[in-house]
Amino acid sequence: MELAHPLDGLDSLSWSSHSHAYGSAEDLPDLLRALAGTDADAAREALSELYGSVLHQGTVYDASTVVVPFLAGLAAAGHRTEDVLLLLGGMAASEDEHGVEPGAVRAAVAGRLPLLLPLLDAAEAGVRRAAVWTVSHTRAPVALSALRARWDEESEAAVRAEVLSGIARIDPAAGAALAATALDPSRPAGVRLAAVFAHLDAGAPWSGELTIALLSLLPADPLHPVFDLDRTEPLADVVEALLERGRPAERGAAFALVEAALRDARPDVRAEGAWAADRACMLSRSAPRLLAPALRAACVDETSVLALSSLLGRLGPAAAPAADVLLPLAARAPEQDDDTADRALAALVLVAPALATPHLAASLGQRPRALDAATGLRSPDRAFPYDSRLLAAVRTRLSRPEALSGNEPWQLTNLLAGWASAAAPALPELCALLPHHPAQAARAITSLARDGAPSERARAVAALRAAAEQGTLPAARALNDLTGDAAPLLRLLAPELRENATRRRHAAATAGELGPRAATLAPALRAVLRGPDAGTTPALDADSAIAEALWRITGDAGEAVAVLDAVFRRAAANSWSQWSLARAARVAALLGPAGRPLTSHLEAALADPRPAPAAVTALLVVAEPASLDRPALAEVALAAAETGADPQGACDALDALGAATLTDQQLARLTVLAHGDSRTVRSGVEDRIIAQDEAFRQRAQALLSTARAATDKP
């Protein structure tokens with residue numbers, strides 16, 4: 001394939017009829033011209049903009065296909081060849097395709113192989129390596145033949161490693177066969193690492209030979225394939241691949257690799273072991289218990305303790321063997337700001353709260369991370385153990401409201417709220433805090449005073465009433481919670497409903513909690529439906545909250561159905577609306593059979609695993625009972641759990657379906673969720689993933705126990 005000039009035909013195309021990440025592709029011709037020009041800075045900028053438009057965060061578009069021939073021509077003509085090859089390779093590798101036929105971009109790159117394959121023989125090793133990476137992502141048979149030939153001829157170790165990886169990418173079995181010859185210690189380290197991954201990619205059984213080979217390559221981070229952004233931490237990546245296989249022998253091999261690295265004498269190897277341990281603990285439920293001793297052994301100095309403190313904290317009590325190495329750092333310099341001590345104390349708070357408490361009390365104003373850990377940042381459903389010394393320290397901090405900074409008002413009041421009436425001595429400080437930080441103080445006051453002595457309750461009510469009369473909404477809400485006096489709250493909710501969608505939603509939810517007492521707010525609720533931001537996710541959620549509030553206030557399910565019908569319809573046009581659909585479904589479930597007109601919307605929501613559990617739960621109370629395929633609904637709920645889309649919602653749905661609904665196969669899948677080693681929860685706030693998965697596992701085990709008891713199955 002020859003072109004007189006790589007940009008021939010550029011102006012004959014209707015670029016405005018194609019689109020990329022930012023809309024019309026009419027800007028691409030100028031970018032291609034700049035890339036082909038002599039101005040190095042302009043060419044560099046054009047390349048960056050091309051990445052942003054035709055390979056935006058790994059996504060390819062209709063315009064990506066159209067631009068491929070010109071990019072291939074530029075690479076072949078020597079215009080920033082290595083860089084352009086990498087752009088083409090990224091486009092060929094992408095499976096995140098938007099507005100383009102599946103595989104079309106990869107096919108377009110494959111169609112230019114006659115231009116690209118000669119670059120495998122380029123004089124520059126960097127160009128050869130980039131060409132190997134790019135052509136292998138086309139998965140074309142002709143590319144495999146060319147790579148085999150390159151393997152026989154290539155002498156540069158880095159390129160040779162890339163060739164082995166490329167062959168394995170196109171033909172895993174061929175890659176594994178070739179890799180078997182490349183594990184010998186006489187081979188270059190990069191080639192041996194590529195051989196390890198080739199065995200993994202082919203699904204070949206893990207062996208002692210592979211373990212020895214990988215351990216001999218540590219530290220392996222400097223050897224990672226520079227173009228493969230999915231494998232930037234070789235040891236951790238191998239551990240993940242072994243754990244994902246789900247077989248006990250390979251799980252044991254993964255843990256053995258991690259333990260060997262953690263116990264190594266070299267700091268950089270221990271550091272790689274720490275990253276691999278982190279990955280293992282996020283994927284495997286047994287990893288924390290099995291790896292805790294090795295993690296303890298890796299804490300040989302202040303640097304290593306600091307590096308491991310975050311992981312130890314996430315493991316919580318499972319990391320108790322390491323509490324003694326955290327303690328010296330956590331306890332030092334209590335009256336000084338010390339980030340290292342703060343990190344260690346934050347971990348100790350979660351690993352061994354009893355050991356941490358006196359040190360947190362002694363250094364409360366200087367340890368924001370530790371205070372976060374104690375007040376629910378990582379375990380929002382677990383209150384920190386009450387301690388009188390810590391209560392005294394909190395009261396001292398609260399006595400100077402003007403000195404509090406950052407998240408401290410939330411942190412301190414959340415700690416007190418978790419202790420409830422045991423923290424009642426802090427009511428004077430909380431009442432004084434109310435004008436400065438009303439939302440935080442009001443919530444804590446309610447928690448402390450609800451079950452407190454009459455005198456304490458009276459003091460709290462007086463402070464809340466005074467603040468409510470001054471127009472403080474959180475105080476009015478707390479006053480209603482404690483006394484049932486809703487008058488100040490009703491007065492303040494009306495203007496709040498006219499604020500932005502998020503505040504509108506919270507105000508509507510509060511009005512709904514008042515029920516018929518909020519009848520005067522019904523007109524205001526109706527007036528703010530479908531505001532100017534109606535298509536946004538916050539507005540959809542606000543309207544769902546308004547629908548619920550109107551139903552609770554008026555008892556008119558028909559009005560709520562009409563509002564929810566509009567929410568479902570608008571959500572269908574919003575690609576970010578999945579969780580809004582789930583919230584609308586939860587409101588629909590409250591309506592019972594009166595919500596039957598919403599059945600078709602709920603059935604449509606079953607197609608997405610995120611709103612599906614809420615839709616299942618709603619259909620069980622909304623739809624005509626005879627129309628329900630209960631095993632099919634159980635299938636939808638199980639899929640939502642297995643994919644991690646909404647594990648707790650899936651448990652709600654399975655609980656509502658009942659044990660008798662589950663087939664033997666579905667019970668087997670629930671057994672895997674409840675007792676399997678692989679974590680179900682794998683995404684979200686990193687510090688909460690392990691705790692959330694443990695909570696899900698306990699819930700799944702309870703469901704399984706109930707199901708087995710109901711069906712008399714072991």
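See the structure printed just above.
Residues numbered from 1 in each chain as written. Predicted model: local features only at pLDDT ≥ 70, side-chain atom pairs only at ≥ 80, totals over all residues. Heavy atoms only, no water.

Draft legend 1. Fine view of the overall build of the protein. From N to C terminus, the protein includes 39 helices and four strands. Judged by the C-alpha coordinates and their principal axes, the protein covers about 90 × 65 × 60 Å. Taking all 714 residues of the protein together, 52% fall into the buried category. When contacts within the protein are restricted to residue pairs at least 6 apart in sequence, long-range pairs at least 24 apart make up 66% of them. (Helix = DSSP H or I, 4+ residues; strand = E, 2+ residues; numbered from the N terminus. Buried < 20%, exposed > 50% of the residue type's maximum accessible area, 1.4 Å probe, protein only. Contact = heavy atoms within 4.5 Å.)

Draft legend 2. View of the nonpolar core. In terms of nonpolar packing, the biggest core is built from 251 residues, with L32, L71, M91, W206 and L416 touching the most fellow members. Ranked by the residues each element gives to this core, the list is headed by helix 3 (residues 62-76), at nine residues. (Core = buried A, V, L, I, M, F, W, Y, C linked by side-chain atoms within 4.5 Å.)

Draft legend 3. Seen up close, a negative patch on the surface. On the surface, a cluster of negative charge is made up of E26, D27, E45 and E49. You can call E45 partly exposed: its relative accessible area is 43%. (Patch = residues over 30% accessible without salt bridge, like charges linked within 9 Å, V, L, I, M, F, W, Y side chains within 5 Å. Areas by Shrake-Rupley, 256 points an atom, 1.4 Å probe, with all protein chains shown as cover. Salt bridge = Lys/Arg side-chain N within 4 Å of Asp/Glu carboxyl O. Lys, Arg positive; Asp, Glu negative; His and termini not counted. Charge placed at Lys NZ, Arg CZ, Asp CG, Glu CD.)

Draft legend 4. Representation of the side chain of D372 within the structure. With respect to the helices and strands, D372 occurs in helix 21 (residues 368-374). Of the side chains bearing the opposite charge, R369 lies closest to the buried D372, which forms no salt bridge; the N-O distance is 7.4 Å. Polar contacts involving the side chain of D372 include one to the side chain of Q411, which spans 2.7 Å. (Polar contact = N/O pair within 3.5 Å; in protein donor to acceptor, adjacent residues only side chain to side chain.)

Draft legend 5. Just the pattern of salt bridges, in detail. Tallying each qualifying case throughout the model produces 48 salt bridges. Note that D387 and R389 form a salt bridge whose closest N and O atoms lie 3.0 Å from each other. According to the relative accessible area criterion, D387 is buried, its value standing at 13%. For D541, the salt bridge identified is with R583, shortest N-O distance 2.9 Å. Of the two residues, D541 sits in helix 31 (residues 537-554) while R583 sits in helix 33 (residues 578-590), which places them 42 residues apart along the sequence. A relative accessible area of 7% places D541 in the buried class. Bridged by salt links that share partners, the residues D121, R128, R150, E153 and E154 form one connected network.

Draft legend 6. Summary view of helix 8 (residues 141-153). In this model, helix 8 (13 residues) spans 19 Å end to end at C-alpha, consistent with the 18 Å of a helix rising 1.5 Å per residue. In this fold, the buried residues of helix 8 make contact with helix 6 (113-116), helix 7 (125-136), helix 9 (157-170), helix 10 (172-179) and helix 11 (189-201). (Expected span 1.5 Å × (residues − 1).)

Draft legend 7. How the structure looks around the environment of A562. Structurally, the position occupied by A562 is in helix 32 (residues 557-571). Sequence separation between A562 and S678 is 116 residues; the distance between their C-alpha atoms is 43 Å.

Draft legend 8. Layout of the packing of aromatic side chains. For the structure on display, the rule yields two aromatic pairs. Ring centres 5.9 Å apart and planes at 45 degrees place the aromatic pair W15 and F70 in the tilted group. Highlighted residues: W15 in the segment before strand 1 (19-20) and F70 in helix 3, separated in sequence by 55 residues. By the burial criterion, W15 is buried, and F70 matches it. Cation over ring: R160 sits above W151, and NZ or CZ is 3.7 Å from the ring centre. (Phe/Tyr/Trp six-rings, centres within 6.5 Å; stacked < 30°, edge-to-face > 60°. Lys NZ or Arg CZ within 6 Å of the ring centre and 35° of its normal.)

Draft legend 9. Expanded view of the state of the cysteines. Using the criterion set out here, one finds zero disulfides in the structure. C281 forms no disulfide, and the closest cysteine sulfur to it belongs to C299, at a distance of 13 Å. (Disulfide = S-S within 2.5 Å.)

Draft legend 10. Layout of unusual backbone geometry. Cis geometry marks the peptide bond from L218 to P219, where omega comes out at -5 degrees. Inspection of the secondary structure assignment puts P219 in the loop between helix 12 (208-217) and helix 13 (234-244). One non-glycine residue, R80, lies in positive phi territory at about 45 degrees. With respect to the element layout, R80 can be found in the loop between helix 3 and helix 4 (81-93). The exposure class assigned to R80 is partly exposed, which follows from its relative accessible area of 27%. Backbone geometry places R139, a non-glycine residue, at a positive phi of 60 degrees.

Draft legend 11. Main features of the environment of R289. Tracing the chain through its elements places R289 in helix 16 (residues 287-298). With a relative accessible area of 59%, R289 lands in the exposed category. Placed 30 residues apart in sequence, R289 and A319 show a C-alpha to C-alpha distance of 7.5 Å.

Draft legend 12. Structural view of the packing of helix 15 (residues 267-283) against helix 16. The interhelical angle for the contact between helix 15 and helix 16, taken along N-to-C directions, is 160 degrees, at an axis separation of 10 Å. Judged on the interaxial angle alone, helix 16 and helix 15 are roughly antiparallel. Crossing angle aside, the handedness with which helix 15 passes helix 16 is left-handed. Residues R270, A277, A280 and C281 of helix 15 form the contact with helix 16, whose own contacting residues are A287, P288, L291, L295 and A298. Taken together, the residues of the contact of helix 15 with helix 16 break down into eight nonpolar, no polar and one charged. (Axes fitted to C-alpha atoms, helices over the stretch in contact; angles between N-to-C directions. Parallel < 35°, antiparallel > 145°, perpendicular 65-115°, else oblique. Left-handed = near helix turned anticlockwise from the far one by under 90°. Nonpolar A, V, L, I, M, F, W, Y, C, P; charged D, E, K, R; others polar.)

Draft legend 13. Here's a closer look at the packing of helix 9 against helix 11. Interhelical geometry of helix 9 versus helix 11 gives an angle of 10 degrees and a closest axis separation of 8 Å. It follows from the interaxial angle that helix 9 and helix 11 lie roughly parallel. Across the interface between the two elements, A157, R160, A161, L164, S165 and A168 from helix 9 touch G190, V191, A194, A195 and A198 from helix 11. Residues that form the contact of helix 9 with helix 11 fall into these classes: eight nonpolar, two polar and one charged.

All quantities given are derived from atomic positions and should not be read as evidence of function.
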